[in-house]
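# Summary of the model geometry
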Amino acid sequence: MRTAKKTSKKGVPFNLLVVGDAGLGRTAFVNTLCEKPLIRNDNANFDPSSAASMSPVEVIPYQTDITLEDGFRISLTILDTPHFNEAIDNENNFDIILQYVESQYDNVLEEETRIKRNAKFCDDRVHALIYFISPTGHGLRELDIELMKRLAPRVNVIPVVAKADSLTAEELKATKQMILDDIAYYHIPVYNFPYDEEEDDEALVSLSKSLRSKMPFAIVSSDRLIDINGSTIRGRAYPWGVVDVDNPSHSDFLALRSAIFSSHLEDLQSITNNQLYETYRTEKLSASHLAMDSTSSFSDVNSGNQQDQVLREDRLRAIELSVQREIEEKRRQLLAREDALRALEEKIAASTTAMANTSVSTLPSTANSASQSQT
Ligand SMILES: Nc1nc2c(ncn2[C@@H]2O[C@H](COP(=O)(O)OP(=O)(O)OP(=O)(O)O)[C@@H](O)[C@H]2O)c(=O)[nH]1
């Protein structure tokens, strides 16, 4: 859960990637989420001649500040992905999005290994990916499975059913179940609001359970204001009635907004930094050690006898140990820095007390000399 001490004037940085087929409502969702027209909707200027252009997906950042009702501030970067699934072959699109996520990890890794740190370094790691699933009334498409399978080991993937108002309540329930079944069947490690019944407090456990039960979130978006009997709502008006975006019985929009901006923001950041990034870092370091190793022992690999096999296993163990040692060394350096800071704080506190004592003990003589000069 979010802790009050983390509230800062500048806003807590949060980077959110939104991915989904063109027309599924990414733009409307982002603008509804941010309560402002952050991304311009270009559908009005649609040019039929561009329909066959099949541009590859792009990752475009949009920066904005969000202030929640309790005053908590977020410095939000939305990463929009226009043209996803427009081309016939999506292979390139998966790679472009994955490369974007990994290149942010590479930047942090490079910064960590610098002797002199860059004080202005910007950590742009992606904290969550909202993936829009078509409201087809079926489960996942091959494309959905492939994208989530590739991205989920690198980023917290939160699947949502787009344009959920196009399904009846019954169809929506069945669709959600089919999607969950597919996620389980293909072992896709989506973000599932993790909790520990023994460690976490009751409120967090119950909230996480409730959020889990809503997955994949049914999303309805709209930046249109509609007047209903004198009260204004954000919604979508149909001949038969109005869908209220902020009504929990119409959509899961509010639950999702509050989870990513409030209750689970810290958890998403911490999983990104401590688990997803650490896994990437270990893999990357091991791969570079292995590459160095295989070039130096090419003849060993060719000979293929048992002795070589033992040697290779020994080397792998050595690499594993060296990565662990590196992580341990970083941890040790951090602890040492913390100790030094604590000592400095104690020193400052001691000298502040000493100064206060000195001024108190000199006060009477100052008072004396003042009264003497008056007489
Ligand atoms: N029924 C319904 N329509 C929606 C919803 N969200 C957006 N739309 C409509 O769907 C159309 C496309 O919405 P956009 O937000 O532009 O979709 P997009 O995914 O950003 O599409 P591109 O900009 O083409 O990449 C618009 O007419 C929206 O009004 C929704 O929740 N329900």
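Computed from a predicted structure; not experimentally measured. (Residues numbered from 1 in each chain as written. Predicted model: local features only at pLDDT ≥ 70, side-chain atom pairs only at ≥ 80, totals over all residues. Heavy atoms only, no water.)

## Brief notes about the site of the ligand
- Taken together, the neighbourhood of the ligand is formed by 17 residues, with Gly23, Thr27, Ala28, Asp165 and Ser221 sitting nearest.
- Here an oxygen atom of the ligand sits 2.4 Å away from a polar atom, N or O, in the side chain of Thr27.
- For the ligand, a nitrogen atom lies 2.8 Å from a polar atom in the side chain of Asp165.
- For the ligand, whose free accessible area comes to 640 Å², the fraction covered by protein is 76%. (Near = heavy atom within 4 Å. Polar contact = N/O pair within 3.5 Å; in protein donor to acceptor, adjacent residues only side chain to side chain. Areas by Shrake-Rupley, 256 points an atom, 1.4 Å probe, with all protein chains shown as cover.)

## Quick notes on the sheet that holds strand 7 (residues 225-228)
- Spatially, the three strands line up as an open sheet ordered 7-8-9, and their pairing is antiparallel. The sheet terminates laterally at strand 7 and strand 9 (241-244), the two strands that pair on one side only. Averaged over neighbouring strand pairs, the angle between their axes works out to 70° when direction is ignored.
- Where strand 7 meets strand 8 (residues 231-238), four bridges bridge the pair, whose relative direction is antiparallel. Its bridge partner lying in strand 8, Asp227 is registered against Thr232. (Pairing = 2+ DSSP bridges. Helix = DSSP H or I, 4+ residues; strand = E, 2+ residues; numbered from the N terminus. Axes fitted to C-alpha atoms, helices over the stretch in contact; angles between N-to-C directions.)

## A closer look at a nonpolar patch on the surface
- Nonpolar side chains collect at one region of the surface, where Leu341, Leu344 and Ile348 lie side by side and expose about 300 Å² of accessible area between them.
- Relative to the elements of secondary structure, Ile348 occurs in helix 9 (residues 306-374). (Patch = residues over 30% accessible without salt bridge, like charges linked within 9 Å, V, L, I, M, F, W, Y side chains within 5 Å. Salt bridge = Lys/Arg side-chain N within 4 Å of Asp/Glu carboxyl O.)

## Points about the pairing of strand 1 (residues 12-19)
- The buried fraction of strand 1 is high, at seven of eight residues.
- Across seven bridges, the pairing between strand 1 and strand 3 (residues 73-80) is parallel. When the sheet's bridge partners are listed, Phe14 is paired in strand 3 with Leu76.
- Two strands pair when backbone bridges link them, and strand 1 and strand 4 (residues 128-133) are joined in this way by four bridges, in the parallel orientation. Pairing of Val18 across the sheet is with Ile130, part of strand 4. (Buried < 20%, exposed > 50% of the residue type's maximum accessible area, 1.4 Å probe, protein only.)

## A closer look at the environment of Ser55
- For Ser55, the location among the structural elements is in the loop between helix 1 (26-34) and strand 2 (60-67).
- Among the residues examined, Ser55 registers a relative accessible area of 23% and is labelled partly exposed.
- Apart from residues lying up to four places away in sequence, Ser55 is in contact with His83 and Glu86. (Contact = heavy atoms within 4.5 Å.)

## Looking at the pattern of salt bridges
- In this structure the tally under the stated criterion is 17 salt bridges.
- With a shortest N-O distance of 3.2 Å, Lys284 and Asp106 are connected by a salt bridge. Here Lys284 is found in helix 7 (residues 265-296), whereas its partner Asp106 is found in helix 2 (residues 91-113), with 178 residues between them in sequence.
- Take Lys284: its relative accessible area is 36%, and that puts it in the partly exposed class.
- When the shortest N-O distance is used, the salt bridge between Arg150 and Glu146 registers 3.1 Å. Highlighted residues: Arg150 and Glu146, both in helix 3 (residues 142-151), separated by four residues, approximately one helical turn.
- The class of Glu146 is partly exposed, set by a relative accessible area of 31%.

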